[in-house]
Amino acid sequence: MSALTDFAARQFPGTQPIAGHFVKAEPIVDHRYFGALFAAFAEDGQGSIFDHMAYGPFADEAVFRSWAEATYLADNIRFHAILPLTTGRAEGVAALMRTDTANGVSEIGHICLAPSLQRSRAASEAFYLIMRRVFDELGYRRLEWKCDDRNQPSKRAAERLGFRYEGLFRQHMIVKGRNRDTAWYAIIDRDWPTVKAGFEAWLAPDNFDAEGRQRRGLTEMRESLAAGQ
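Residues numbered from 1 in each chain as written. Predicted model: local features only at pLDDT ≥ 70, side-chain atom pairs only at ≥ 80, totals over all residues. Heavy atoms only, no water.

### Some points on unusual backbone geometry
Turning to step 1, where the next piece is worked out: Of note, the amide linkage connecting Gly-56 to Pro-57 takes the cis form, showing an omega dihedral of -5°.
Turning to step 2, where the next piece is worked out: Examined against the element boundaries, Pro-57 turns out to sit in the loop between helix H1 (34-42) and helix H2 (61-72).
Turning to step 3, where the next piece is worked out: Located in the positive-phi region is His-110, a residue other than glycine, with phi close to 55°.
Turning to step 4, where the next piece is worked out: Here His-110 is to be found in strand E5 (residues 105-113). (Helix = DSSP H or I, 4+ residues; strand = E, 2+ residues; numbered from the N terminus.)

In structure tokens, the structure reads:
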């Protein structure tokens, strides 16, 4: 194991917005996005975006706002509203949570994307922007992704974004009255250069046609770069 001779405690993630080419990730510091988020989430009429969450769906906007006040604005967690630049509307959230500044470790979680944001270039770039803040701006050593082992879309997303599977924590939680096995994934600092280069190549304008369709996938880009192709 290599010695960490110059590592010092990291800063907690700040409140400055992060702008990309297609999206802005804006830390939630007040109530301004609550109404837009409730409306965006409500576009999923079946409430399926909450199937693997410990909360939701919400009966009405008042219930959501009360919950959001206690959750999005809580101490020791940094929620980000995800705003595609095409709409300027908050259409999803992702949080940096369980942040351990002494060890330079955080987790990206509470991910909830409205139907309009799912499987979009804007959503992928939002994850990249948050990862870039964690590793490049703040100098963290490790970023985790955890999800219900039954949540196949989340597991596929983790691997597509460059997280590596690390194992299964059986009966890790009780969620909505049932046992939850939790799949653990992570990116560490030595993984980040390849993950970052893959994102930057994938996000390049020449990787998309006039209709916004990708020419090469993110996983393909990253694996090609790792192989030196």
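### Comments concerning empty space enclosed by the protein
Turning to step 1, where the next piece is worked out: Applying the stated criterion across every chain yields a total of one cavity of 30 Å³ or more.
Turning to step 2, where the next piece is worked out: Each pocket or cavity is described by its volume, and for the largest cavity that value is around 40 Å³.
Turning to step 3, where the next piece is worked out: Around the largest cavity, the lining residues are Phe-41, Phe-50, Met-53, Tyr-55, Phe-58, Phe-64, Trp-67, Tyr-72, Val-93, His-110 and Cys-112.
Turning to step 4, where the next piece is worked out: For the lining of the largest cavity, the leading source of residues is H2, giving three residues.
Turning to step 5, where the next piece is worked out: Residue composition of the lining of the largest cavity, grouped by class: 10 nonpolar, one polar and no charged. (1 Å grid on protein atoms, 1.4 Å probe; cavity = no way out; pocket = protein on both sides within 12 Å on 5 of 7 lines; lining within 4 Å. Points joined across faces, edges and corners; volume = space filled by probe spheres on them. Nonpolar A, V, L, I, M, F, W, Y, C, P; charged D, E, K, R; others polar.)

### Details of the layout of surface pockets
Turning to step 1, where the next piece is worked out: Taken as a whole, the largest pocket encloses approximately 1,300 Å³ of empty space.
Turning to step 2, where the next piece is worked out: The wall of the largest pocket is formed by 46 residues, among which Ile-111, Trp-145, Pro-153, Ser-154 and Ala-157 lie closest to the centre.
Turning to step 3, where the next piece is worked out: At the level of elements, strand E4 (92-100), E5, helix H3 (121-137), strand E6 (142-148), helix H4 (152-161), strand E7 (164-175) and helix H6 (218-226) are the ones that each hand at least two residues to the lining of the largest pocket.
Turning to step 4, where the next piece is worked out: Among the elements that make up the lining of the largest pocket, the one with the highest residue count is E5 (seven residues).
Turning to step 5, where the next piece is worked out: In the lining of the largest pocket, the residues fall into 21 nonpolar, 14 polar and 11 charged.

### Observations concerning H4
Turning to step 1, where the next piece is worked out: Among the residues making up H4, those that are buried are Ser-154, Lys-155, Ala-158 and Leu-161. Viewed end-on, H4 has its buried residues packed into an arc of 135°, placing them on one side of the element. Exposed residues on H4 whose side chains face more than 90 degrees from its buried face are Pro-153 and Arg-156.
Turning to step 2, where the next piece is worked out: Looking one or two residues past H4, Gly-162 carries a phi angle of roughly 110°, positive in sign. (Buried < 20%, exposed > 50% of the residue type's maximum accessible area, 1.4 Å probe, protein only. Arc of directions from axis to C-beta.)

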